[in-house]
Amino acid sequence: MIIIIGLVILVAAVVAGVAGVLSNSGSGHALTHQFAVFGYHVTGSTGTLFLYGIVVGAIAEAGLSLLLAAARRTSRRGHEARRGLRRSRRETAAVSQDRDDLLGQRDAARDRAASTHVNGSSPPGDIPAATSSPAE
């Protein structure tokens with residue numbers, strides 16, 4: 001929808017510009033004062049001056065469009081980078097939590113094993129070694 005509105009506005013501007021240039025030509029609309037831009041003296045009619053204004057405005061608008069497009073692209077990249085950083089931090093936190101849980105389980109198992117050896121009993125699941133063979 002916005003594209004259609006933009007195209008309608010652009011066509012209206014072109015029609016107004018063409019009408020302004022065509023209606024301001026001839027000897028009745030001659031420039032009466034010296035008009036210079038960057039040392040270039042503009043001669044002719046007010047329609048010619050208006051046409052130069054349209055060209056300069058179009059060039060300025062194209063430059064502004066490029067500038068804004070680059071700013072949007074940079075902003076989009078920054079947003080995607082921040083989103084990726086947040087996702088990476090969440091994944092890192094989850095992996096760190098898993099690692100801490102595994103370390104806690106390992107330490108608990110070592111403590112249980114050490115406490116059962118100190119008490120003189122064998123840890124659960126150990127098979128007592130045979131001290132003598134049945135053939136002796």
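Computed from a prediction, not measured in an experiment: that's the story for all the values here. (Residues numbered from 1 in each chain as written. Predicted model: local features only at pLDDT ≥ 70, side-chain atom pairs only at ≥ 80, totals over all residues. Heavy atoms only, no water.)

S.K.: I tried to follow a nonpolar patch on the surface on my own but got confused; where do I start?
M.R.: A cluster of nonpolar side chains, contributed by Leu7, Leu10, Val14, Val18 and Leu22, occupies part of the molecular surface with about 490 Å² of accessible area. As for its position among the elements, Val18 is in helix α1 (residues 2–23). When its relative accessible area of 45% is taken as the criterion, Val18 is described as partly exposed. (Patch = residues over 30% accessible without salt bridge, like charges linked within 9 Å, V, L, I, M, F, W, Y side chains within 5 Å. Areas by Shrake-Rupley, 256 points an atom, 1.4 Å probe, with all protein chains shown as cover. Salt bridge = Lys/Arg side-chain N within 4 Å of Asp/Glu carboxyl O. Helix = DSSP H or I, 4+ residues; strand = E, 2+ residues; numbered from the N terminus. Buried < 20%, exposed > 50% of the residue type's maximum accessible area, 1.4 Å probe, protein only.)

S.K.: It is not clear to me how the pattern of salt bridges should be interpreted in this structure. Could you clarify?
M.R.: Applying the stated criterion across every chain yields a total of 2 salt bridges. In this structure, Asp107 and Arg106 form a salt bridge, with 3.7 Å as the shortest nitrogen-oxygen distance. The class for Asp107 is partly exposed, based on a relative accessible area of 35%. A relative accessible area of 40% means that Arg106 is categorised as partly exposed.

S.K.: Is there a simple way to think about the confidence of the model for the protein chain in this case?
M.R.: Fine structural detail should not be taken from predicted coordinates in areas where pLDDT scores are low. Per-residue confidence for the protein chain gives a mean pLDDT of 77, with 73% of residues at or over 70. When pLDDT is averaged over each element of the protein chain, helix α2 (residues 46–119) comes out on top at 85 and strand β1 (residues 35–37) at the bottom at 68. (pLDDT = per-residue confidence, 0-100.)

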